[in-house]
Amino acid sequence: VTGNSSGRAFYILHTNAAGKNTPGGPGLFPHVHQKTYENFYAVKGRVQLWGQNLDRFLSDTSVQQTRILGPGDFGGIPNNTIHTFNLLEPDTQLTGVLVPGGFEELLFNMNASPIPAETLPGAGGFDPSELGKWDVYPRFDFTPRQDAVNGKAGPGNWYDGQNILPAPTGNSPLDPIWVAKNYGPKYLNSENGRYQIVTPFVTGEQTNDKFSQGTITISLNDPGVKAPLVKSTVATALYMEEGQLEVTVEGFDPVTLIDGDLVFVPGSTSFSYFASAYFTKFMYVTGGGRDMDFELVAKGRKWDSAFYPPPAANHPETSSASGFVWVC
């Protein structure tokens, strides 16, 4: 999904590349985006990501953080954050979400000013002095730490405890956001004859309502229950991770999505979706902070499990008029 497609709301890309088998130095020079928020979602293999807020780095008031991301793990890099990354497996795939859209123009112009690759590894043929027009500012004074243990170094939990999304305070800058698979906040919504587990990676609270991203795990609908229409004023994208999802977008024929498929819905366009496989999971990206995920969370409840409860029909002694059973 390009910036032009989304009205500059966001840009989504997949990166497939070969890496090496052990952690080490970065495969790309450390840099900062002054305007662009960059998110990393690991799909296959492993990637090591480093990050530290630029202002806190310069004032020596924070600690550099790094995580090794495997499939289903998330790393969020707010704008004005020094970061770099390194692919660690021979077959590695990342899904990147960059906000606002338009950053893809850098990739479309990778060979504009060829220079020797060893001059600036990862610059893609650009003269360093030209990178600023693409919102890329190298930071050669940043040395990525090499002391990660059990996939992390620096403050915060990883697979050793609950991952909590930071709550901004005033004008204080955000540090990188880390969400390990199934260790982030989860909310169970039981409306419309189905369960949906929303796992936010980043919300409007962290982005000043510029965008949100996370995953939704959805059950089959109750028999005879029709999926409701969803409509947002901003662009929305759904990227399939597992299972099977049926999607109907206003003005188009219904489509069936399986692993790796993506549907993009322009703003102010109605659509509906429902699972046609028992366990279905997809990643969502919205061009605002108070959209489909916000509504699902607001009308749901906190949840601890990566799985939704069994259908009430399987437990007639606890059935209710809503057709659902609450299991804690």
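Residues numbered from 1 in each chain as written. Predicted model: local features only at pLDDT ≥ 70, side-chain atom pairs only at ≥ 80, totals over all residues. Heavy atoms only, no water.

So, the overall build of the chain
Each helix and strand counted, the chain has 4 helices and 21 strands in total. Across the 328 residues in the chain, those meeting the buried criterion constitute 50%. In the chain, 76% of the contacts between residues at least 6 apart in sequence involve partners at least 24 apart. As displayed, the chain offers around 14,800 Å² of accessible surface, 54% of which is attributable to carbon and sulfur atoms. (Helix = DSSP H or I, 4+ residues; strand = E, 2+ residues; numbered from the N terminus. Buried < 20%, exposed > 50% of the residue type's maximum accessible area, 1.4 Å probe, protein only. Contact = heavy atoms within 4.5 Å. Areas by Shrake-Rupley, 256 points an atom, 1.4 Å probe, with all protein chains shown as cover.)

Some points on the sheet that holds strand 12 (residues 187–189)
Taken together, 7 strands build an open sheet; the order of strands is 18-15-20-14-13-12-21 and the sheet is antiparallel. In this open sheet, the two strands that pair with only one neighbour each are strand 18 (262–265) and strand 21 (301–302). (Pairing = 2+ DSSP bridges.)

With respect to the sheet that holds strand 6 (residues 74–77)
One open sheet holds the 5 strands; their spatial order is 1-8-3-6-11, and the pairing between them is antiparallel. Strands at the two margins of the open sheet, each flanked by one partner only, are strand 1 (11–17) and strand 11 (177–179). If you compare each strand with its neighbour and ignore which way they point, the axes differ by 15° on average. Pairing analysis gives 4 bridges linking strand 3 (residues 37–44) to strand 6, with the strands arranged antiparallel. (Axes fitted to C-alpha atoms, helices over the stretch in contact; angles between N-to-C directions.)

Quick look at the nonpolar core
Core analysis: the largest hydrophobic core is formed by 22 residues, its most contacted members being Phe-40, Leu-49, Leu-69, Phe-85 and Val-136. If we ignore the near neighbours within four places in the chain, the residues touching Val-136 are Phe-29, His-31, Val-32, His-33, Phe-103, Leu-106 and Leu-131. (Core = buried A, V, L, I, M, F, W, Y, C linked by side-chain atoms within 4.5 Å.)

Here's the deal with the pattern of salt bridges
Scanning all chains against the criterion turns up 9 salt bridges. Here Glu-89 and Arg-46 are joined by a salt bridge, their closest N and O atoms 2.6 Å apart. On the criterion of sequence distance, the pair formed by Glu-89 in the loop between strand 7 (81–87) and strand 8 (92–99) and Arg-46 in the loop between strand 3 and strand 4 (47–53) is long-range, its members being 43 residues apart. The class for Glu-89 is partly exposed, based on a relative accessible area of 22%. Between Arg-56 and Asp-175 there is a salt bridge, with the nearest N and O atoms lying 2.9 Å from each other. Residue Arg-56 is located in helix 1 (residues 54–59), and its partner Asp-175 is located in the loop between strand 10 (152–153) and strand 11; the two are separated by 119 residues in the primary sequence. With relative accessibility at 21%, the residue Arg-56 sits in the partly exposed group. Residue Asp-175 is classed as partly exposed on the basis of its relative accessible area of 27%. (Salt bridge = Lys/Arg side-chain N within 4 Å of Asp/Glu carboxyl O.)

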